[in-house]
Every structure is written in C-alpha cells, then in structure tokens.
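# Per-entry structural report
Chain residues, written in single-letter form:
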Amino acid sequence: MMPSPAASKRAVKKAQRSATKAVRAAARTSTRAATTAATTTGASSSRRAGSRPARSSGTALPELWSPPGGSRSQPDPARLGRGRWFQHRFTGVAGSRAYRVYVPAGLRRTTRAPLLLALHGCTQTGLDFAAGTRFNDLADTHRFIVVYPEQSATHHAQRCWNWFRSGHQLRAAGEPAILAGIVRQVVQEATRWRVDPDRIYAAGISAGGGMALILAATYPELFAAVGVHSAPPFRTATGPADALAVMQGAGQAPTPPAPLPPLIVFQGTADGTVRAGNAERIAEQWLSSHPEGTVGKGRQTRKDPPRTSSGRGPRPHRITRWSAGRQVVLELWVVEGLGHAWSGGAADGTYSDIRGPRASTQMWRFFARHAAGGPTGLAGR
C-alpha cells in the first residue's frame, strides 16, 4: 500500500535532511582522505572522486556506494567466458559512451542471436559487472550476445548512471538515448554477428538497475523484457538528495507513460543502500502501467533451501509472479539476508554475493520466454 501524500512529503523531507548530513559528512571524509592519503574501504574510488570532481558538487553520492572489498584491479577479459570481445564507442546527439561486446563461443556469424544490455552499478565497470554476474558463461551456454556500456568518471565521479536526474529520465535525451543508440548500433552490425531484434533485453544492478528501468519506460518497444536488481522505482528522484531519500523508500512512484515490458526484479531484505520496500514499489509501478484486468493477481511462493555444512547454500526467498494469459510477465524475488549485492554472483566481482538464488540464471530464464510482439502483447512494437 502506498503512503498518503502528506506522509510521503514528511518522509521525503526527513530523508532529505538525513541525505544532506550524509553528503556533508562524506565530503569531509573524502577531503581528509585526499589530504592524508589514508587507506579506507573503497579508497581508490574516493581519491578519484576527490581529485576529479563531477560536473556539479551534488553529483557524487556518499560512501555508501563504495565496493565492500575495497579497490580492485580490472578483471582480465580473457578469463570472462570462452568467446570474443570487441570494443566500440557510440556517439550521438545526446552524448558518447564506450562499450564492450561479448560474442559467445560457438555462435555462427550468420545466426541471429538475442542481445542483453548489461548495466553496471556505481564504482563498477563493465568488466567488473561481467565477472560478478557471470553473464558471459550463460551467453556461452545459451548463445546470446552481451553488451557492457561504460559510464565514465567525467559524467559521474563514481561512475553511476544518472538515473536520479530528470534530464536522464526521458526518451531521446541523456543516457537513455545514448544506451538505446548503443543497442541500435550493435543491432546494425552484419559482419561479425547478427542480432535478433525481437529478443533484446536489459539488466542492471543499483544505478544500472535504475537505468534499466528507465529504458523499460522510455523505450518499451526496444526491449522484450528487463531485469532490475537492487534499484528504486522509475522517476522517483530528480536530484542527488532526492536519490538518497528514494533509495530509503521515500517519494511517490508515478505511473509510467506507457505499459512497461515484462519485468523481473531481485532485491535483498538486508540491503541498507536500497531498502527492500523499493522492490514492491517497482512491482506496483509496473502493474499501474497496464490497464486494469490485463494482468492477473500475484501468486507467491516461498522457498527455504536446506542448510549446507558450509553455510553457503542459497538463501531463503519468496517469489511473486503475475501472469497475462498463461505467460508470467512480472516476477519479484525477495531474498532474505541479502545485502546490496548481486544474488548468486561470483567472488571475482564487487557487489556480488556468492550465495543464491542465482539472479543471472533466473533473469535469463525469464528473458528467454519473451520476444517482442509475443502472445501477451506486452512487448510489442
């Protein structure tokens, strides 16, 4: 149930006051760290943010975005899957970004393959996200292409996608236009690979998850399905202070301008960065974008995997599924005890929890069942 407007306003103001204090405290901490060159968790990211500030003083989010394992070197692409890597750059009216394309082993050049746009979180890179999610291993097995765009420190000091800025929440503007341009540029390739235009998907974590949701709302005809992990609802923030408040569960979630494509959402109950209640708010927002009566009631199941001697088995979780006709079009996975990390990821990446359930596997299972213009009509062009 959504809070009343008055209660929501009070929650926003309270969260914004807390956010302002956090930003000021983070700034003081960053300044001291830059002055003394002290080593702290995520120190390399803090030093970069201090020595090369973002375009505005309010761009950088506080230290809660720092990776839990501290700074790490870039993963070796040769160790990320058995396929081939290609590096490219897209430049359009809205701007320019670099990106990597992973073509799975064994994929024939003339075979039209599905495409997954994979969006990293703050302080991460595309390679880091590839290492943590193991999407490339799935790509080798199921023969799909993965595209990893790179957010630069020039456009955000901590390499966050700017999901919380109003200029990056619209069609044909900002980062949504750039990312859609990257997808179209990859689709136009005809010599090294071929893409099935009816099977294009997007997935991301945290800031990348927020941007994936924006793409679902602004380019619903481009994506057959979308996956969101640990992110807030679409267009609930318009600036950095609002972003911090929204991540804590404040603010109203507006109805998207058009029906959203099929969606799968993952969220941990122990996430202190993006509170667990945001997942339910995303589900409500998705449902509000579709005409009443077109989607059935949610059906929830709970799974309590047996305990293992190592204590590293899958965490208990509950799954809620909504269907249109006989096809599941919305899935919500709430994982107990999971923090701000990719569920069932690899230890090689940051923001990655090795315990399951495996979000990557479940997302691809969900994606594989959806194509643009499919029988449900939820992802049509």
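Since the model is a prediction, treat every value here as computed from it, not as a measurement. (Residues numbered from 1 in each chain as written. Predicted model: local features only at pLDDT ≥ 70, side-chain atom pairs only at ≥ 80, totals over all residues. Heavy atoms only, no water.)

### Things to note about the overall build of the protein
Heads up, the condition is: Only DSSP runs of H or I reaching four residues or more are called helices, and only runs of E reaching two or more are called strands; each is numbered from the N terminus. For the exposure calls, accessible area comes from a 1.4 Å probe over protein chains only, and a residue counts as buried if that area is under 20% of its type's maximum, exposed if over 50%, partly exposed in between.
Each helix and strand in the protein was counted, giving 9 helices and 12 strands. Residues classed as buried in the protein amount to 54% of the 381 residues present.

### Let's talk about the packing of helix H4 (residues 135–142) against helix H9 (residues 359–368)
Just so we agree on the cut-off: Here an angle of 0 to 180 degrees is reported between the N-to-C directions of two axes, which are lines fitted to C-alpha atoms, with helices fitted over the stretch in contact. Oblique is the label for any angle not under 35 degrees, not over 145, and not in the 65 to 115 range, which are roughly parallel, roughly antiparallel and roughly perpendicular in turn. Left-handed describes a crossing whose near helix is turned anticlockwise from the far helix by less than a right angle; the clockwise case is right-handed. Residue contacts follow a heavy-atom distance rule, with two residues in contact if any of their heavy atoms lie within 4.5 Å. Side-chain classes follow a simple rule in which Ala, Val, Leu, Ile, Met, Phe, Trp, Tyr, Cys and Pro form the nonpolar group, Asp, Glu, Lys and Arg form the charged group, and the remainder, Gly included, forms the polar group.
The N-to-C vectors of H4 and H9 enclose an angle of 40°; their axes lie 10 Å apart at closest approach. By the angle class used here, H4 and H9 are oblique. Helix-helix and strand crossings are classified by hand; for H4 and H9 the assignment is right-handed. The segment H4 lies against H9, with Phe135, Leu138 and His142 engaging Ser360, Thr361 and Trp364. In the contact of H4 with H9, the residues fall into 3 nonpolar, 3 polar and no charged.

### Some points on the side chain of Ser289
Short version of the rule: We call two N or O atoms a polar contact when they sit within 3.5 Å, provided that within protein one can donate a hydrogen and the other can accept it, with sequence-adjacent residues counted only if both atoms are side-chain atoms.
Counting through the fold element by element, Ser289 comes out in the loop between helix H8 (277–288) and strand S8 (299–303). Within the structure, Ser289 has its side chain in polar contact with the backbone oxygen of Trp286 (distance 2.7 Å). Apart from residues no more than four positions distant in its own chain, Ser289 is found in contact with Thr255, Pro256, Ala258, Pro259 and Leu260.

### A few points about the state of the cysteines
Here is the rule we go by: Two cysteine sulfurs form a disulfide in these notes if their separation is within 2.5 Å.
Overall, the coordinates contain 1 disulfide when judged by the stated rule. Here Cys122 connects covalently by a disulfide to Cys160, the sulfurs 2.0 Å from one another. Because the torsion about its S-S bond is 130°, the bridge between Cys122 and Cys160 counts as right-handed. Of this pair, Cys122 sits in the loop between strand S3 (112–119) and helix H3 (126–133) while Cys160 sits in the loop between strand S4 (145–149) and helix H5 (174–188), placing them 38 residues apart in sequence. Comparing Cys122 with Cys160 shows no difference in burial state: the two are buried.

### Focus on the packing of aromatic side chains
Heads up, the condition is: The rule is short: rings of Phe, Tyr and Trp, with Trp giving its six-membered ring, pair when the centres are within 6.5 Å, and they are stacked under 30 degrees, edge-to-face over 60, tilted in between.
The final tally for this structure, using the stated rule, is 13 aromatic pairs. Pairing Trp85 with Tyr148 gives two aromatic rings, centres 5.7 Å apart and planes at 40°, and the pair type is tilted. Taken together, the positions of Trp85 in strand S1 (residues 84–92) and Tyr148 in strand S4 put the pair 63 residues apart, joining distant regions of the chain. Using a relative accessible area of 0% as the deciding quantity, one classes Tyr148 as buried. With centroids separated by 6.3 Å and ring planes inclined at 75°, the aromatic side chains of Phe129 and Phe135 adopt a geometry described as edge-to-face.

### Examining the nonpolar core
Keep this limit in mind: We define the nonpolar core as a collection of buried residues of types Ala, Val, Leu, Ile, Met, Phe, Trp, Tyr and Cys that are connected through side-chain atoms lying within 4.5 Å of one another.
One finds Val101, Leu117, Trp163, Val186, Phe223 and Leu263 to be the most contacted residues of the largest nonpolar core, which totals 63 residues. Sorting elements by how many residues they give to this core places helix H6 (residues 207–218) first, with 8 residues. If you look at the next biggest cluster of nonpolar residues, it comprises 35 residues, including Tyr102, Ala139, Phe144 and Ala203.

### Some thoughts on the pairing of strand S2 (residues 95–103)
A regular strand carries its side chains on alternate faces of the sheet. Spelled out, the test is: Whether two strands pair depends on DSSP finding at least two bridges between them.
Counting buried positions over the 9 residues of S2 gives 8, a clear majority of the element. Summarising the sheet, S1 and S2 pair through 9 bridges and their orientation is antiparallel. Along S2, the bridge assignment pairs Arg84 with Val103. Adjacent in sequence and paired antiparallel, S1 and S2 are bridged by 2 residues. Note: S2 against S4, 4 bridges, orientation antiparallel. Bridge pairing links Tyr102 to Val146 in S4.

### Some thoughts on H5
Every α-helical turn comprises 3.6 residues, leaving residues that sit three or four positions apart pointing alike. Put simply, the test is: Each helix should span, by expectation, one fewer than its residue count multiplied by 1.5 Å.
Across its 15 residues, H5 extends 21 Å between first and last C-alpha, which sits within 8% of the 21 Å expected from 1.5 Å per residue. In terms of burial, H5 is a largely internal element, 11 of the 15 residues being buried. Of all the residues in H5, the buried ones are Gly174, Glu175, Pro176, Ala177, Ile178, Leu179, Ala180, Gly181, Ile182, Val183 and Val186. Residues of H5 that are buried in the fold lie against S1, S2, S3, S4, strand S5 (194–205) and H6.

### As for the environment of Gln362
As for its placement among the helices and strands, Gln362 is situated in helix H9. On a C-alpha basis, the gap between Gln362 and Glu331 in space is 9.9 Å, while along the polypeptide they are 31 residues apart. If we ignore the near neighbours within four places in the chain, the residues touching Gln362 are Ile264, Phe266 and Trp333. Looking at Gln362, its side chain comes within polar contact range of the side chain of Arg365, at 2.7 Å.

### Some points on the pattern of salt bridges
Where charged atoms from two side chains of opposite charge approach closely, those side chains can pair. As a reminder, the rule being used: Salt bridge, as used here, is a side-chain nitrogen of Lys or Arg placed within 4 Å of a carboxyl oxygen of Asp or Glu.
The tally for this structure, following the rule as stated, stands at 11 salt bridges. One salt bridge in this structure joins Arg302 and Asp304, with 3.0 Å as the shortest N-O distance. Here Arg365 makes a salt bridge to Glu331, at a shortest N to O gap of 2.8 Å. Highlighted residues: Arg365 in helix H9 and Glu331 in strand S10 (residues 327–335), separated in sequence by 34 residues. For Arg365, a relative accessible area of 21% corresponds to the partly exposed category.

### Some thoughts on H8
Between its first and last C-alpha atoms H8 spans 17 Å; for 12 residues at 1.5 Å apiece the expected length is 16 Å, and the two agree. Where the residues of H8 are buried, they touch H6, strand S6 (225–229), helix H7 (240–247), strand S7 (263–268), strand S9 (317–324) and S10.

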